[in-house]
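Structural overview
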Amino acid sequence: MSEEFRSRVEVSIYGGGDAGYIEYLQDIAKEMPDCHVAFMGKYNAKNDLVNIFSQIDAVVIPSIWPETFGMVVEEALASHVPVICTRIGGLQEHFFDNIQGRLFDIKETGQLADIIQEMLENPMMVSSWQRNIRQPRLCSEFIADVDNLYRQTCDLPAAIEANYHSSPIEDK
């Protein structure tokens, strides 16, 4: 990413973690004085998320772990904030690439920089992503779907058995 574009990007890093790792990230940020990087620390999801999401253009989730369910993705989408995340695990299953955000390969660090530069060159892209975001399903709806699927699966042997006994082949 060019120096011109780096100077236009503001990065706010939220969350806690290992103090040594945070210090390592802060050292990297110091080596790039033309970048605006702020370490915001821990936040309270219940009290702070609405305010945080109201101040950002997109959420970047550079996860290296194949998470099965990305709650932060759902939280961002519920606030109509586009998501940029790694193409790994369950994170990528919550939205459509280049429709409500973007996906990138974790081993291709240049892809994230390219996406951010594209956002700077084409601000309407973010607006388009925001317009395409639909309200995520409620947790209760998700649970009901899983429950129904479970019930159908449990009833499957009985349904097969019922159909087997009423087969016209048996009547012969």
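Here, the structure is the one placed above.
Described below are features of the structure shown in this document. Everything quoted here is computed from the prediction, not taken from an experiment.

The rules behind each value
- Residues numbered from 1 in each chain as written.
- Predicted model: local features only at pLDDT ≥ 70, side-chain atom pairs only at ≥ 80, totals over all residues.
- Heavy atoms only, no water.
- Axes fitted to C-alpha atoms, helices over the stretch in contact; angles between N-to-C directions.
- Helix = DSSP H or I, 4+ residues; strand = E, 2+ residues; numbered from the N terminus.
- Parallel < 35°, antiparallel > 145°, perpendicular 65-115°, else oblique.
- Contact = heavy atoms within 4.5 Å.
- Nonpolar A, V, L, I, M, F, W, Y, C, P; charged D, E, K, R; others polar.
- Expected span 1.5 Å × (residues − 1).
- Buried < 20%, exposed > 50% of the residue type's maximum accessible area, 1.4 Å probe, protein only.
- Pairing = 2+ DSSP bridges.
- Right-handed = clockwise from strand over helix to strand, strands pointing away.

1. Things to note about the packing of helix H5 (residues 109-121) against helix H6 (residues 123-132)
Here H5 crosses H6 at 100°, and the two axes come no closer than 4 Å. Classified by the interaxial angle, the pair formed by H5 and H6 is roughly perpendicular. Contact with H5, carried on its side by Ile115, Glu118, Met119, Leu120 and Glu121, involves Pro123, Met125, Val126 and Trp129 of H6 and no other residues of that element. Broken down by class, the residue content of the contact of H5 with H6 amounts to seven nonpolar, no polar and two charged.

2. Some remarks on H5
Between its terminal C-alpha atoms H5 stretches 19 Å, which fits the 18 Å expected from 13 residues at 1.5 Å a residue. Every buried residue belonging to H5 is among Leu112, Ile115, Ile116, Gln117, Met119 and Leu120, and all of these are buried.

3. Topic: the pairing of strand S2 (residues 36-41)
Two strands pair when backbone bridges link them, and strand S1 (residues 10-14) and S2 are joined in this way by five bridges, in the parallel orientation. In the strand pairing of S2, Tyr14 is matched with Gly41. Handedness of the S1-helix H2 (residues 19-30)-S2 crossover: right-handed.

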